[in-house]
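Residue strings, one per chain:
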Amino acid sequence: IDKCGVSTSNNIYQYSIDIYGNIINKWISREAKHIYADESKQTAFSKELLSFSFATALFIYESSTDKGTAFITKEDIQLLFKEHKTAKSIFSDLSFGNIDEFTLTGRSLLTRDKEGNWSFSHKSIYEFFLAYCIYLNFENLFLKTDFSSIDMCEHFLEEFCLKYSTIPFFAGLKNKDACKNKSS
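What you see is a predicted model, and the numbers here were worked out from it, not measured in a lab.

Rules behind the numbers
- Residues numbered from 1 in each chain as written.
- Predicted model: local features only at pLDDT ≥ 70, side-chain atom pairs only at ≥ 80, totals over all residues.
- Heavy atoms only, no water.
- Disulfide = S-S within 2.5 Å.
- Patch = residues over 30% accessible without salt bridge, like charges linked within 9 Å, V, L, I, M, F, W, Y side chains within 5 Å.
- Areas by Shrake-Rupley, 256 points an atom, 1.4 Å probe, with all protein chains shown as cover.
- Salt bridge = Lys/Arg side-chain N within 4 Å of Asp/Glu carboxyl O.
- Helix = DSSP H or I, 4+ residues; strand = E, 2+ residues; numbered from the N terminus.
- Buried < 20%, exposed > 50% of the residue type's maximum accessible area, 1.4 Å probe, protein only.
- Expected span 1.5 Å × (residues − 1).
- Contact = heavy atoms within 4.5 Å.
- Core = buried A, V, L, I, M, F, W, Y, C linked by side-chain atoms within 4.5 Å.

**Student:** I'd like a rundown of the state of the cysteines, residues and numbers included.
**Tutor:** Per the counting criterion, the structure on display carries zero disulfides. Left unpaired, Cys153 is separated from the closest cysteine sulfur, that of Cys133, by 9.1 Å.

Next comes the structure, spelled out in structure tokens:
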């Protein structure tokens, strides 16, 4: 972790999602710098690779519930790259102007097994991406998700909800009450 620049005396993390987010961002940033010198191209590349990673996590989850497999094939990667869809989801916000098919496997957080199937380099990275997809599409995905084999996903989802929904909501109520009391 120290080699990624994540663990320093200045960084104090309250949530594991912050650690995973930092590791993933550092990885993707490093890969972007290998390909592009221009910072705007690096940013565009990073956003595209991150979006692809979220879509891949959802694809793998859908496949695992349908077929019992926790991987994505090369053909499925190409389908996701070219048509921006999985069996159950369409990603209208995906566009790939700065990455190519090689990048999706050669520079991503995916690794290949001996049969030629792809999965995330670690299950917890997959579960982090999946949790974020569920958080962003809570109403459509949460009730359909079986967390029995993806307990870290559930943990990450709880942290996303706490950090980005619950705490800001209560902070907003507190500020509203403080402003109300001030004006009274």
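Structure shown, so let's carry the discussion forward.
**Student:** Lay out a nonpolar patch on the surface with the relevant residues and their values.
**Tutor:** Residues Phe169, Phe170 and Leu173 make up a contiguous nonpolar surface patch of roughly 310 Å² in combined accessible area. Within the element layout of this structure, Leu173 appears in helix H7 (residues 151–183). The exposure class assigned to Leu173 is partly exposed, which follows from its relative accessible area of 34%.

**Student:** Can you lay out the environment of Gly116 for me, pointing to particular residues and giving the numbers?
**Tutor:** By the secondary structure assignment, Gly116 is in the loop between strand E1 (110–112) and strand E2 (118–120). A relative accessible area of 18% means that Gly116 is categorised as buried. Between the C-alpha atom of Gly116 and that of Phe71, which follows or precedes it by 45 residues, the distance is 9.9 Å.

**Student:** For helix H5 (residues 123–136), give the residues involved together with the corresponding values.
**Tutor:** Three- or four-residue spacings in an α-helix give side chains the same orientation, since the helix completes a turn every 3.6 residues. Taking 1.5 Å per residue, 14 residues should reach 20 Å; H5 reaches 20 Å between its end C-alpha atoms and fits that length. For H5, the buried fraction is high: 11 of the 14 residues fall into the buried class. Taken residue by residue, H5 has Ser124, Ile125, Tyr126, Glu127, Phe128, Phe129, Leu130, Ala131, Cys133, Ile134 and Tyr135 as its buried positions.

**Student:** Let's hear about the environment of Phe156: which residues, and what values?
**Tutor:** Note on placement: Phe156 falls in helix H7. The spacing of Phe156 and Phe129 is 27 residues in sequence and 9.2 Å in space, taken between C-alpha atoms. When neighbours within four sequence positions are excluded, Phe156 is seen to be in contact with Ser16, Ile17, Tyr20, Ser124, Glu127, Phe128 and Ala131.

**Student:** An account of the nonpolar core is requested, with residue identities and associated values reported.
**Tutor:** Phe120, Tyr126, Phe129 and Leu130 are the most contacted members of the largest nonpolar core, which totals 43 residues. Elements supplying a minimum of two residues to this core: helix H1 (16–35), helix H2 (39–67), helix H3 (74–83), E2, H5 and H7. Every residue in contact with Tyr126, bar those within four places of it in the chain, is listed here: Ala57, Ile60, Tyr61, Ser64, Phe120 and Ile150.

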